[in-house]
Amino acid sequence: MKQKRREFLKLMGLGGAITLLPLDALRAATPTAVEDRAVYLSTSGGDNHDYYFSAFNAMGKVLYEQPLPGRGHDLGLRPNHVDVAAVERRPGLYGLIFDRHTGAVRAKLHCPEDRRFYGHAVYSNDGRHLYVTENDFEHARGVVSVWDAKDGYRRIAEFDSFGTGPHELHLMPDGESLAIANGGLQTHPDRDGRTPLNLDSMEPNLSIIDRRSGKLLHQAALKADWHQLSIRHLDIATDGTIATCFQYQGALNDQMPLVGLWVPGKDIRVIEAPDNVQYRMRQYCGSIRFDASNQVFGVSCPRGGIITFWDAKNFKFLTHIPVPDGCGIAATDRAGEFVGTSGVGSGWRMDAIRRKRVELPDDSLKKLHWDHHLRRIPT
Amino acid sequence: MPILCRSCKATLLAASTMLAIGLAPPGARADIPDENYRPVLEHLLTVVVPPKLDALHDATTDLSAEMDDFCAAPDQDGLDQARKDFHTAMDIWQEIQPWRMGPLVANGRDQHIEYWPDKHGTAIRQFRKLMFNKPAIYTDREKIANTSAALQGLPAIEQVLFDDKLSAKLLGDDEDATFLCGYGMAIGANLERITGELTAEWPDFAKSMVEAGPDSMDYPDAKFAATDLYRALHEGLLIIATQKLARPMGDDAKDAKASRAESPTSKRSLRNIAHNLTGLFAIYDGKWGDTGEEGKGLAALIDSSLMDRSFRLNWQNVIDALGDLPPSIVELLDQPDGYQKLADFAGQISFINSLVENDVGGTTQLGGGFNSLDGD
């Protein structure tokens, strides 16, 4: 155990003494504060059912707000390009491509009548293709659609997601395969598109498909007793380890794991926090992100008002930081450091190693409710 | 609770119905100052709860002592007294059970006190095995703490004291009787220890909540801390609706099964809910039995006297309805119209929960949240 702790601290670049330094002091000592020039992108909401694609800087100053036709969810960033894809929160109909610098609309995705967008999108590494999770609601089938960014965002193909209710998806480090969190929830637009219709028979899974052929390469599920753990979000470390988090559809007082790690080809390994933290996660995780070191990952739990932090290498819980209605999280360029946003309008810089939380100072951030996911653009 | 005239009740019921269907709190309103939440925290966490935790500790201490006395010379009177002490301990535990926060949930403490819900019948399965093997660890007053949560708390001692076959054996003098007595005494001592820890740890937790503010890592402001109180009220009602009532009710009358209720062996599932409601109303009202003061709970944050009075009236209606029912779902379902009565009561719980979500949550500004209500 001691060896593992040493390995962890070594990776973090920390010794015992330096861990006592305040976050600001560490930052001030840094010759190049890359983080200070970072820009964060997220969807957001106003007070009157008005929704936006928004950007703010590292101080929390809102740079622009671009109105959306309905509530957004996550954003896909086109590598080496200005494009940002925003697809509507499920059951979504709009998909818009924005200019990340100005917020101007550059293109639109046209959702087929028999499909609904599910809030998440990701680009291929070459930026050519955009992949979007969708619901084929007449057949209760998850779909990943493929859009050609170089051909006016033409829909050119769709693949089976190999599950029901696909949600977040990411490109694997090989750049050739996609990891998909199939939440297992069947919904239908005729029934509001969000109410689960199959709680008794849910079969969530994690699937990896070939991004060119759509062929299933790997798949894993939790044990049958945990079939109501909807696997909704994931993030992927550079070594291919997938961190994933769940939303439990059963009782509030059931004791359920909410976080897991998956190395494709093996079983999903769940990790739990100490009881008093696990309880405060309140059966619901909203977002998950690895840090810059790829060893620490954060999991937001807005219903409990906490962000939890976990050590992927040693399979253990690290700490938690309370953030009221906090959900969006993005890694900064520093190991163990994240920026988080909240539905009550605040933003924080959080240090998972030293358990520090510093509120972003600019008040303009507070005029919006920040949505589930947050993306960072280093500049 | 002041007595209301019949016409006042009718007016308030009509008002509450209007509030429930959407005329309640307007979307745009001034934020409640953070400092307004602090007196509520202070009152509930430092004035109201500690005496109740002491009462729980006292009740488990009495239960433990009675088990020791009974087992020294087992007879029916001793068994009756042990059962009475069990009920006293269970009554106060059920009042505390919904306050699921801090030391109550730390180290799985709530589950060690009462392993519930037990959807897969873990306790019964393990209990049968236990009686067959009679492992010594289960009669060890200290080591029992290291065993399965299902076998070391109130449901386990409930089996010992109330299961017809087992309690009959308790009065005998064979190997089963010796083991059951030793086991019952160990559980009693274990409960006394756990509730003692709970009592000891509560003040530090309460202090951290009351001192919420920018310097606190755990509670950045008082409103955030008070949200945990609102959640306890809301989730407590949800658990009654979805676990304590919906599970035994099943899909319809044919599917109903009283054994899926809480505390089926001691036949007190509805009595448990009555005590849950006492503890839950204290969160709203600020008064819990002879402890605390009316109007100093979440009600202190409600700026509408009509809403406050209608909520109290509707809550009282639930209490009155429950008062007309027997103490257990087993007995209720034995009545010809028992299922319908149970369904009606479940409907009343759902209604009061909708008032909590819409009126209390909205007016205190503690309910909901842009992300926490999202579901994605």
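Everything numeric in this text was worked out from a predicted model, so none of it was measured.

K.L.:
Can you walk me through the domain arrangement of chain B in this structure?
P.N.:
The extent of an interface is frequently quoted as the accessible surface area lost upon association of the parts. Residue and element names in this part refer to chain B. Per the domain assignment, the segments making up chain B are domain 1 (8–16 + 34–39 + 212–363) and domain 2 (54–201). Taking the mean C-alpha position of each, domain 1 and domain 2 sit 27 Å from one another. Taken together, the contacts link 25 residues of domain 1 with 20 residues of domain 2. It is Thr265, His275 and Trp288 that lose the most area in domain 1 upon contact with domain 2, and together they represent 25% of the buried surface on that side. If you look at where domain 1 meets domain 2, you find 2 salt bridges. A salt bridge links Asp91 to Arg268, with the shortest nitrogen-to-oxygen separation between them at 2.7 Å. At the level of elements, helix H9 (222–249) and helix H10 (269–285) are the ones that each hand at least two residues to the side of domain 1 that touches domain 2. Tallied by class, residues from the side of domain 1 that touches domain 2 come to 8 nonpolar, 10 polar and 7 charged.

K.L.:
Any chance you could explain the state of the cysteines here in plain terms?
P.N.:
Tallied over the entire structure, the rule returns 1 disulfide over all chains. There is a disulfide in this structure between B:Cys71 and B:Cys181, and the S-S distance comes to 2.1 Å. Negative torsions about the S-S bond denote left-handed disulfides, and the value of about -95° found for B:Cys71 with B:Cys181 makes this one left-handed. Of this pair, B:Cys71 sits in helix H2 (residues 37–72) while B:Cys181 is found in helix H8 (residues 175–210), placing the two residues 110 residues apart along the sequence. Summarising the burial analysis for this pair, B:Cys71 and B:Cys181 share the class buried. Take A:Cys245: it sits in no disulfide, and the sulfur closest to it among the cysteines is that of A:Cys285, at 4.6 Å.

K.L.:
Is there a simple way to explain the pairing of strand E1 (residues 39–45) of chain A in this structure?
P.N.:
In regular strands, side chains alternate between the two faces of the sheet. Residue and element names in this part refer to chain A. The buried fraction of E1 amounts to 7 of the 7 residues, a majority that puts the element mostly inside the structure. Side chains Val39, Leu41, Thr43 and Gly45 of E1 all project onto a buried face; the interleaved residues Tyr40, Ser42 and Ser44 project onto the opposite face, where all are buried too. Linkage of E1 to strand E2 (residues 51–57), two consecutive antiparallel strands, is achieved through a turn of 5 residues, within which His49 is found at a positive phi near 55°. Looking at chain direction, E1 and strand E28 (residues 369–377) are connected through 6 bridges and run antiparallel.

K.L.:
Can you walk me through the pattern of salt bridges in this structure?
P.N.:
Two side chains that carry opposite charge are able to pair once their charged atoms sit near each other. All names here are of chain B. Scanning the model with the defined rule gives 50 salt bridges over all chains in all. Note that Lys207 and Glu211 form a salt bridge whose closest N and O atoms lie 3.6 Å from each other. Residue Lys207 is classed as partly exposed on the basis of its relative accessible area, which comes to 47%.

K.L.:
Would you mind showing me how to read the interface of chain A and chain B here?
P.N.:
Across the boundary between the two partners, chain A contributes 45 residues, which contact 29 residues of chain B. The largest per-residue losses of area from chain A upon contact with chain B belong to A:Leu252, A:Asn253 and A:Tyr279, which jointly make up 22% of the total buried on that side. Linking chain A to chain B there are 9 salt bridges. Here A:Arg280 makes a salt bridge to B:Asp228, at a shortest N to O gap of 3.9 Å. Remark: the boundary between chain A and chain B carries 29 residue pairs in polar contact (both at pLDDT 80 or more). Of all the secondary structure elements, the ones that give two or more residues to the side of chain A that touches chain B are E1, strand E16 (229–236), strand E17 (242–248), helix H3 (275–280), strand E23 (316–322), strand E27 (356–359) and E28 of chain A. Here the side of chain A that touches chain B is built from residues that sort into 13 nonpolar, 17 polar and 15 charged.

K.L.:
Sorry if this is basic, but what is going on with H8(B) here?
P.N.:
Residues spaced three or four apart along an α-helix face the same direction, because each turn holds 3.6 residues. For H8(B), built from 36 residues, the straight-helix expectation of 52 Å at 1.5 Å per residue is met to within 8% by its first-to-last C-alpha distance of 52 Å. The N-terminus of H8(B) is capped by B:Asp174, whose side-chain oxygen sits 3.3 Å from the backbone nitrogen of B:Asp176.

K.L.:
How should the packing of aromatic side chains be read in this particular structure?
P.N.:
Any two aromatic rings considered together are summarised by their centre-to-centre distance and by the angle between their planes. The tally for this structure, following the rule as stated, stands at 21 aromatic pairs over all chains. Seen from their ring centres, A:Phe53 and A:Tyr64 are 5.6 Å apart, and the 55° between their planes marks the pair as tilted. One end of the pair, A:Phe53, is in strand E2; the other, A:Tyr64, is in strand E3 (residues 62–68), and 11 residues separate them in sequence. Neither A:Phe53 nor A:Tyr64 differs from the other in exposure class; each is buried. Between the aromatic rings of B:Trp202 and B:Phe205, the centroid separation amounts to 5.1 Å while the plane-to-plane angle is 65°, which identifies the pairing as edge-to-face. Separated by 3 residues within a single helix, B:Trp202 and B:Phe205 lie in helix H8, roughly one turn from each other. Assigned by exposure class, B:Trp202 and B:Phe205 land together as buried. Feature note: the residues A:Phe290, A:Phe297, A:Trp310 and A:Phe317 constitute an aromatic cluster, connected by ring pairs. A cation over an aromatic ring shows up here: A:Arg269 above the ring of A:Phe315, its NZ or CZ 3.6 Å from the ring centre. The ring of B:Trp116 is capped by B:Lys244, whose NZ or CZ atom sits 5.2 Å from the centre of that ring.

K.L.:
How should the confidence of the model for chain A be read in this particular structure?
P.N.:
Interpreting fine coordinate detail is not advised for predicted regions of low pLDDT. Mean pLDDT over chain A: 92, with 92% of residues reaching 70 or higher. The model gives residues 5–26 of chain A a pLDDT under 50, and that stretch makes 33 contacts with residues more than four places away or in other chains.

K.L.:
I keep staring at the packing of helix H5 (residues 122–133) of chain B against H8(B) and nothing clicks. Help me out?
P.N.:
Packed helix pairs are characterised by how far apart their axes lie and by the angle those axes make with each other. Residues and elements named next belong to chain B. Taken N-terminus to C-terminus, the directions of H5 and H8 make an angle of 125°; their axes are 10 Å apart at the nearest point. Taken as axis vectors, H5 and H8 run oblique relative to one another. The two elements H5 and H8 cross, and the hand of that crossing is right-handed. Packed against H5, whose contacting residues are Phe127, Leu130 and Met131, the element H8 presents Asp176, Phe179, Leu180 and Tyr183 at the interface. Residues that form the contact of H5 with H8 fall into these classes: 6 nonpolar, no polar and 1 charged.

The rules behind these values
- Residues numbered from 1 in each chain as written.
- Chains lettered and ligands numbered in written order.
- Predicted model: local features only at pLDDT ≥ 70, side-chain atom pairs only at ≥ 80, totals over all residues.
- Heavy atoms only, no water.
- Domains from an automatic or database assignment.
- Contact = heavy atoms within 4.5 Å.
- Buried area = accessible area lost by both parts, 1.4 Å probe.
- Salt bridge = Lys/Arg side-chain N within 4 Å of Asp/Glu carboxyl O.
- Helix = DSSP H or I, 4+ residues; strand = E, 2+ residues; numbered from the N terminus.
- Nonpolar A, V, L, I, M, F, W, Y, C, P; charged D, E, K, R; others polar.
- Disulfide = S-S within 2.5 Å.
- Buried < 20%, exposed > 50% of the residue type's maximum accessible area, 1.4 Å probe, protein only.
- Pairing = 2+ DSSP bridges.
- Polar contact = N/O pair within 3.5 Å; in protein donor to acceptor, adjacent residues only side chain to side chain.
- Expected span 1.5 Å × (residues − 1).
- Phe/Tyr/Trp six-rings, centres within 6.5 Å; stacked < 30°, edge-to-face > 60°.
- Lys NZ or Arg CZ within 6 Å of the ring centre and 35° of its normal.
- pLDDT = per-residue confidence, 0-100.
- Axes fitted to C-alpha atoms, helices over the stretch in contact; angles between N-to-C directions.
- Parallel < 35°, antiparallel > 145°, perpendicular 65-115°, else oblique.
- Left-handed = near helix turned anticlockwise from the far one by under 90°.

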